[in-house]
Amino acid sequence: MAKYTKEDIVRIVKDEDVEFIRMQFTDIFGMMKNVAITSSQLEKALNNQITIDGSSIEGFTRIHESDQYLHPDLDTFVILPWRPQHGKVARFICDVYNPDGTPFVGDPRGILKRALKKAEDMGFDAFNVGPECEFFLFETDEAGHPTTKTADEAGYFDLAPLDHGSNVRREICLALEQMGFEIEASHHEVAEGQHEIDFKYADALTAADNIMTFKMAVKVFAQKNGLHATFMPKPIFGINGSGMHVNMSLFKKGKNVFYDEKGEKKLSKTAYQFIAGLLAHVQNITAVTNPLVNSYKRLVPGYEAPCYLAWSASNRSALIRIPAARGQSTRVELRNPDPSCNPYLALALCLAAGLDGIEKKMKVPGEITEDIFAMDQKTREKNGIASLPGSLIEAVENMESDPLTLSVLGEHAYTQYIAGKRAEWDAFRISVSQWEIDRYMVNY
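Reference entry: report on the structure contained in this document. (Residues numbered from 1 in each chain as written. Predicted model: local features only at pLDDT ≥ 70, side-chain atom pairs only at ≥ 80, totals over all residues. Heavy atoms only, no water.)

1. As for the overall build of the protein chain
Right, so step 1: The helix and strand tally for the protein chain stands at twelve helices and 15 strands.
Right, so step 2: In summary, the protein chain has a C-alpha radius of gyration of 22 Å against a globular reference of 22 Å for 444 residues, a match within 12%.
Right, so step 3: Each principal axis of the C-alpha atoms in the protein chain carries an extent, and together these give about 65 × 60 × 45 Å.
Right, so step 4: The buried share among the 444 residues of the protein chain stands at 53%.
Right, so step 5: Long-range pairs, those at least 24 residues apart, make up 70% of the contacts in the protein chain between residues at least 6 apart in sequence.
Right, so step 6: If you sum the accessible surface of the protein chain, you get close to 20600 Å²; carbon and sulfur atoms cover 51% of it.
Right, so step 7: Averaging the locations of the 48 positively and 61 negatively charged side chains of the protein chain gives two centres separated by 5 Å. (Helix = DSSP H or I, 4+ residues; strand = E, 2+ residues; numbered from the N terminus. Rg over C-alpha atoms; globule rule 2.2 N^0.38 Å. Buried < 20%, exposed > 50% of the residue type's maximum accessible area, 1.4 Å probe, protein only. Contact = heavy atoms within 4.5 Å. Areas by Shrake-Rupley, 256 points an atom, 1.4 Å probe, with all protein chains shown as cover. Lys, Arg positive; Asp, Glu negative; His and termini not counted. Charge placed at Lys NZ, Arg CZ, Asp CG, Glu CD.)

2. Some details on unusual backbone geometry
Right, so step 1: In the Ramachandran plot, Asn 48 falls in the positive-phi region, its phi being about 60 degrees despite a non-glycine side chain.
Right, so step 2: Of note, Asn 48 is situated in the loop between α2 (42-46) and β3 (50-53).
Right, so step 3: For Asn 48, a relative accessible area of 28% translates into the label partly exposed.
Right, so step 4: Here Lys 253, not a glycine, exhibits a phi torsion of approximately 55 degrees, which is positive.

3. A short note on the pattern of salt bridges
Right, so step 1: Taken as a whole, this structure holds 17 salt bridges when the rule is applied.
Right, so step 2: If you follow the salt bridges from partner to partner, you end up with Asp 73, Asp 95, Arg 109, Lys 113 and Asp 209 in one network. (Salt bridge = Lys/Arg side-chain N within 4 Å of Asp/Glu carboxyl O.)

4. Section: the pairing of strand β1 (residues 18-26)
Right, so step 1: With six bridges joining them, β1 and strand β5 (residues 88-97) adopt parallel strand pairing. When the sheet's bridge partners are listed, Arg 22 is paired in β5 with Arg 91.
Right, so step 2: From the end of β1 to the start of strand β2 (residues 32-38), which pair antiparallel, there are five residues, and Gly 30 there has a positive phi angle of about 85 degrees. (Pairing = 2+ DSSP bridges.)

5. Some points on the nonpolar core
Right, so step 1: Membership of the largest hydrophobic core comes to 97 residues, with the highest contact counts inside it found for Phe 214, Met 248, Leu 250 and Ile 320.
Right, so step 2: The element that contributes the greatest number of residues to this core is helix α5 (residues 204-224), accounting for 13 residues.
Right, so step 3: For Ile 320, the residues in contact, after removing those within four places along its chain, are Ile 275, Leu 278, Leu 279, Ala 310, Trp 311, Ser 312, Val 332, Glu 333 and Leu 334.
Right, so step 4: By size, the runner-up hydrophobic cluster in this structure holds 23 residues, among which are Val 13, Phe 25, Ala 45 and Phe 104. (Core = buried A, V, L, I, M, F, W, Y, C linked by side-chain atoms within 4.5 Å.)

6. Overview of helix α10 (residues 392-400)
Right, so step 1: Here α10 has its buried residues at Leu 392, Ile 393, Ala 395, Val 396 and Met 399. Down the axis of α10, the sector holding all buried residues measures 160 degrees, keeping them to one side.
Right, so step 2: Residues of α10 that are buried make contact with α6 (269-289), α7 (295-298) and α11 (403-430). (Arc of directions from axis to C-beta.)

7. So, the packing of helix α3 (residues 108-121) against α5
Right, so step 1: Closest axis-to-axis distance for the α3/α5 pair is 10 Å, and the angle between their directions is 155 degrees. When the axes of α3 and α5 are compared, the pair comes out roughly antiparallel. In this structure, the crossing between α3 and α5 has a hand that is right-handed. Here Arg 109, Leu 112, Lys 113 and Leu 116 of α3 come into contact with α5, specifically with Ala 204, Leu 205, Ala 208 and Asp 209.
Right, so step 2: Among the residues forming the contact of α3 with α5, the class breakdown is five nonpolar, no polar and three charged. (Axes fitted to C-alpha atoms, helices over the stretch in contact; angles between N-to-C directions. Parallel < 35°, antiparallel > 145°, perpendicular 65-115°, else oblique. Left-handed = near helix turned anticlockwise from the far one by under 90°. Nonpolar A, V, L, I, M, F, W, Y, C, P; charged D, E, K, R; others polar.)

8. Let's talk about the sheet that holds β5
Right, so step 1: Overall, mixed pairing links the five strands, which are arranged β2-β1-β5-β4-β3 in an open sheet. Lying at the two open borders of the sheet, with one neighbouring strand each, are β2 and β3. Across this sheet, the average inter-strand angle for adjacent strands is 40 degrees, counted without regard to direction.
Right, so step 2: Note: strand β4 (residues 67-79) against β5, seven bridges, orientation antiparallel.

9. With respect to helix α4 (residues 166-178)
Right, so step 1: Spanning 13 residues, α4 covers 19 Å between terminal C-alpha atoms, matching the ideal 18 Å at 1.5 Å per step.
Right, so step 2: Elements in contact with the buried residues of α4: β6 (126-139), β7 (183-188), β8 (194-199), α5 and β10 (227-230).
Right, so step 3: Following α4 by one or two positions, Gly 180 adopts a phi angle in the positive range, close to 100 degrees. (Expected span 1.5 Å × (residues − 1).)

10. Notes on empty space enclosed by the protein
Right, so step 1: In the structure shown here, the tally under the stated rule is one cavity of 30 Å³ or more.
Right, so step 2: Considering only enclosed or pocket space, the largest cavity measures out at about 40 Å³ in volume.
Right, so step 3: Along its surface, the largest cavity is lined by Phe 25, Thr 26, Ile 93, Cys 94, Asp 107, Arg 109 and Tyr 344.
Right, so step 4: Elements supplying a minimum of two residues to the lining of the largest cavity: β1 and β5.
Right, so step 5: Taken together, the residues of the lining of the largest cavity break down into four nonpolar, one polar and two charged. (1 Å grid on protein atoms, 1.4 Å probe; cavity = no way out; pocket = protein on both sides within 12 Å on 5 of 7 lines; lining within 4 Å. Points joined across faces, edges and corners; volume = space filled by probe spheres on them.)

As structure tokens, this is what we get:
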């Protein structure tokens, strides 16, 4: 059931003294974009008449077919609590459409909607997702540029005065709750300057919208406090990086299909097939769930980030973990994604991989209960434990060989995404790093 009608929006804008409205959308690499309008243009916006130049957006359209239209999702309307309270600012999250009224095939939000339609066609009425987003707070220099310095001395679950970010986290949580989020937990993470805020699961589309809103809010409140927030997966060598564990569950007629009171570990055949599908495809979707050159600095042994293909009901060194909760709360946790990913594309591919496992009745490999990080290569091979890609280019090459990824993203987004990531890898490959200067300048 819709949350708002057009009439509701018009009334709220008038009653709440909203003067500006941000029409937000996301490019294929997960960067939030927006067109700002004044409230005098609200009727035009509600009639889907706000246009953008798609040729100027990464991975969208070519110059001769540049006009595109923003269709606001009325249920995403919210007033931004950190903006002025006189002449308030609100936002819509929008879908991108072509001039002929058809959805733009390269719109990430539309790609997720298509994946959800596939699940619906298979008889599933809900795909719920609970993300766990980690981030770092760093000091800025005299010019306001980010550094990698933090006065923070805290570790996992520590509190002030060791935790210097607790006030920022509090402000973020309060603002998000004003925007309709249900904040479940907020705490300091393992590394100095690292934090996590968990918000309640939602249907996948809402969850992806929430992730984008969350990242925006975190950056805004960090800046307001003279800090810089980053979702870069591995900003500092030698300490833990930031992940975005994704908790997933499927429902049919209101019942969680991953739960079976009589099943092994109280998991259903559907749950095991979903896990098998994820394991079968995860190497091919890693270029999306872990999209940066830097992502692969996090996916190494020794820093709690999973890099080996295995599942377990409790083992945190495994790529897929099944948290202890059962019944309606039964879920599958994929632990390799990081918060730099485009959540619409990442969730679409995770769902498609799991559904492929269900459709093909894939068999899940045996559970791994031992610490995989402590195993040598021979032991891992003996247990049939493969590895995630070791670099962005390896992940992109895997993606290029995967028909599932092409079918989910569609040819346009698939081609544009791979081209963009190949360009990113080439830029990295030919750059000269400080490590190389330190290592080679004197000796050679």
